[in-house]
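# Tertiary structure, described
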Amino acid sequence: MKNSIEINDVVKKYDSFLLDHIDFVVPIGSVVGFVGENGAGKSTTLKLLLDLIHKDDGKITIFGHDHQTLTALEKQEIGVVLDDSFLSEYLTITDVNNIMKGLYHNWDETLFFHYTKKFSLPTKKLIKEFSSGMKMKIKVISALSHHPRLLILDEPTSGLDPIARTELLDIFREFMEDETHSILISSHITSDLEHIADYLVFIHNGKIILKDEVQNLLEQYGILKCSFDEFQTLQKEDYITYVKQKYSYEVLVSDKDKIRKKYSFSVIDKPNIEDIMVLYVKGEKE
Amino acid sequence: MKTIMGLVKKDLYTLKSYRKTVLTFLIIFCAVGFFQKINGFFMMMIALGLGMCTIATFNYDEFNHSDRYLLTLPVTRKQVVQSKYILSFLFLFLGVIIGYLFSIIFAMVNHQTVNMVELLFSALGVFFGIGLMQVIQIPCIYRYGAEKGRIQSLIVIAILIGIALGIGYLCSNILSISMNSLETWLNHYGILTFLFLIGFIYIISYRISYQIVLKKEF
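Reference entry: report on the structure contained in this document. The model shown is predicted, which means the values in this text are computed figures rather than measured ones. (Residues numbered from 1 in each chain as written. Chains lettered and ligands numbered in written order. Predicted model: local features only at pLDDT ≥ 70, side-chain atom pairs only at ≥ 80, totals over all residues. Heavy atoms only, no water.)

### Brief notes about the nonpolar core
Convention followed: Nonpolar cores were defined as sets of buried Ala, Val, Leu, Ile, Met, Phe, Trp, Tyr and Cys residues, with membership established by side-chain atoms within 4.5 Å. Buried residues are those whose accessible area, probed at 1.4 Å on protein chains only, stays under 20% of the maximum for their type, while exposed residues exceed 50% and partly exposed ones sit between those limits. The criterion used for residue contact is that any of the two residues' heavy atoms lie within 4.5 Å.
Ranked by internal contacts, the top residues of the largest apolar core, which has 123 residues, are L49(A), L87(A), I152(A), F172(A), I183(A) and L184(A). Among all residues touching L184(A), those that are not within four sequence positions of it are I5(A), F24(A), V26(A), V32(A), F34(A), L46(A), L49(A), L151(A), I152(A) and L153(A). Counting 14 residues, the second-largest nonpolar core is a separate cluster that includes V22(B), I46(B), A56(B) and F91(B).

Pasting the structure below:
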C-alpha cells in the first residue's frame, strides 16, 4: 500500500454546486495540502472522505479499504480536526479526556495531558471560555492523543495568530517524523502549507485544477512580468494564465527556466503558492 | 457496548451544566407535590423534567455540530442513535423511580394510605406517557433538527392526544363500551401491556431514527 488515501473520480451534486470528478492521493509519509478559495469544495471533499455526506459517484479508499466500510479499529488510526465541530463547549479538558478514553482503546492520557501542559491549556475551565487558538489546540491535541497514522485536518490554522499557527505546525512536523504517518490538510492560508506540505492539490469551483509537488511549484513555476509587446511574442503553450495590469502583464509559467532560454525576458519572479492560486483563479487564457 | 457507554458518558458530562436547572425543577415540583398532596402529578413532572435532559443533549450536539465530529471517531451512526435511546430510557427510568420513591415518602409524611399497586400503575402510566413523548421527539429532532423537531413532535403529540380522546369518546358515548371492562382488563394484564407497549414504541422509534440518521448528511 503506497497511499493512505485514494480519491478516484468522486462526484457530489448539489442544486447549486458540483464537485466534479475529484481525483488525488495522499501518499504514506507525506503531507498533502488541499487549497482553494472559500466555497471551492474543500470541506465537501473532506466530508465525503469521512463519509459524513454521501457521494454520487467515484471511489474513496483509506488505508486501502473502502471509506464506508472502515472498521472501528481502522478508524482508531485516523485523527480528524474539523474547523466547525467538536464536543460540547460546556466540557472541560478533563471531561474531554474522560470521554475520549471511552471511545479510543489506545487513548494516551499521558500524551494528552503532556500536550495540554505544553500549550498551557487550563484543564478545569469550560471550552466555551477558551480563545479560538485554544479551541483549535484542544481539537488538534484530541486528534493526536490516540497515536493515529493519518491526520485529516480541515482549516486547522484558520483564525489563529502567527504564534499559535507556528506551534501547531511544529506539532504536525513532529507527527511527520514517523515515516508511516501522513497528513491531508486543507487550508486557505497557503503560507502555512509552503512550510509543511510535500504536495499541493488545488481545487477551484469544485474541480481539481492543479496537483503537484510543493517544491516543484516553488522552484519551477514563475511569474513573468512583461509589457504588452513582449506578451504578444509569447506562445500560448508556454504560459498557463495571465493578468493584465495597468501598464504591464503578469504571466504564470510552469517552467521558468525554459522561458528564460526561449525568450529574452528579464523579470521572471519566483512565486509563492498564493501567487500561483490567484493567477490560476483570476488569470485569463486566450 | 463500550463505545455506546462512552457516548452516554459524553452526554452526561455535557449535562453537568444543566444540573442546576434540573435541580431547581425537581425542588419546585417536590414542593408542589408535597403541599398539594398530588402524587401522580409530582411523579409525572419529575419524569418529564429528567426526560427533557435527553432532548437537551440534542441542542448541545446541534450547537457544536458534535454528531459530525463523533462520526469521525471510531463511532458508527447506529451507535450514536443507540446511545440517545439508552440515555432517554435511563433518564425516564430514573425519573419514574425517584417519583415513585418520593411519592411513598410524601404519602407517609402526609399520613396518607399508600396503595402500592395503584402507585405502580401510575408509574407505568407515566413511563409510557413520557416515553411516548420522547420516542416521538427523538426521530423528529433527527429529521428536522432540535428546534423544528420539537415543534413537529408537539404537533404529532397533540394529534395523538386528539385521537386518544376521540377513541375514548367513541367507546363511552357512541359504542357504549363500559370503562369498567377496560379497568378489569387492565387490572389483569395492565403491567404486562404497559411493559410491552413501552418496549414496542422504543424499538419502533429507534428503527425510524436509525433510518433517518443513516441517510442524513452531516
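### Observations concerning the packing of helix α6 (residues 116-144) of chain B against helix α7 (residues 146-174) of chain B
Residues and elements named next belong to chain B. For the record, the criterion: Helix axes use the C-alpha atoms of the stretch in contact, all axes being lines fitted to C-alpha atoms, and the angles between their N-to-C directions lie in the range 0 to 180 degrees. Only runs of H or I of at least four residues qualify as helices and only runs of E of at least two qualify as strands under DSSP, and these elements are numbered from the N terminus. Every angle not falling under 35 degrees, over 145, or within 65 to 115 is termed oblique; those three ranges are roughly parallel, roughly antiparallel and roughly perpendicular. Crossings are sorted by hand: turned counterclockwise from the far helix by less than a right angle, the near helix makes the crossing left-handed, and turned clockwise it makes it right-handed. Asp, Glu, Lys and Arg are counted as charged, while Ala, Val, Leu, Ile, Met, Phe, Trp, Tyr, Cys and Pro are counted as nonpolar; the rest, among them Gly, fall into the polar class.
Closest axis-to-axis distance for the α6/α7 pair is 7 Å, and the angle between their directions is 140°. In this view, α6 runs oblique relative to α7, as classed from their interaxial angle. Judged by the sense of rotation from one axis to the other, the crossing of α6 with α7 is right-handed. Taking contact as the criterion, the partners of L132, M133, I136, Q137, C140, I141 and Y144 in α6 are, on α7, A146, K148, G149, R150, Q152, S153, V156, I157 and L160. Its residues placed into classes, the contact of α6 with α7 shows 10 nonpolar, 4 polar and 2 charged.

### Comments concerning the packing of aromatic side chains
Applied cut-off: Two aromatic rings, drawn from Phe, Tyr or Trp (for Trp, its six-membered ring), form a pair once their centres lie within 6.5 Å of each other, and the interplanar angle then sorts them: stacked below 30 degrees, edge-to-face above 60, tilted otherwise. Should the NZ of a Lys or the CZ of an Arg lie within 6 Å of a ring centre and within 35 degrees of the ring normal, that charge is described as sitting over the ring.
Considering all chains together, one arrives at 22 aromatic pairs over all chains under this definition. Geometrically, the ring pair formed by Y104(A) and W107(A) is stacked, given 6.0 Å between the ring centres and 25° between the ring planes. Here Y104(A) falls in the buried class, since its relative accessible area comes to 2%. Overall, W107(A) belongs to the buried group, its relative accessible area being 10%. Ring geometry for Y85(B) versus Y202(B): centroids 6.2 Å apart, planes at 80°, classification edge-to-face. Residue Y85(B) is located in helix α5 (residues 77-109), and its partner Y202(B) is located in helix α8 (residues 179-215); the two are separated by 117 residues in the primary sequence. The residues Y85(B) and Y202(B) share a single accessibility class, namely buried. Directly above the aromatic system of F63(A) lies the positively charged group of R149(A), at a separation of 4.2 Å from the ring centroid.

### Some details on the interface of chain B and chain A
Interface size is commonly expressed as the accessible surface area that is lost when the partners come together. The criterion, for reference: As a working definition, buried area equals the accessible area (1.4 Å probe) given up by two parts on being put together, with both sides summed. Should a side-chain nitrogen of Lys or Arg be within 4 Å of a carboxyl oxygen of Asp or Glu, the pair is scored as a salt bridge. Each polar contact in these results corresponds to two N or O atoms within 3.5 Å; when the atoms are within protein, one needs to be able to donate a hydrogen and the other to accept it, and residues that are neighboring in sequence are counted only if both atoms are side-chain atoms.
Contacts between chain B and chain A engage 29 residues on the former and 31 residues on the latter. Taken together, both faces of the contact between chain B and chain A bury some 2,700 Å²; the carbon and sulfur share is 57%. Of all residues in chain B, Y69(B), P74(B) and E217(B) give up the largest surface area on contact with chain A, accounting jointly for 26% of the area buried on that side. Our enumeration of links across chain B and chain A arrives at 3 salt bridges. Across the salt bridge formed by K16(B) and D95(A), the nearest N and O atoms sit 3.0 Å from each other. Across the contact surface, chain B and chain A share 16 residue pairs in polar contact (both at pLDDT 80 or more).

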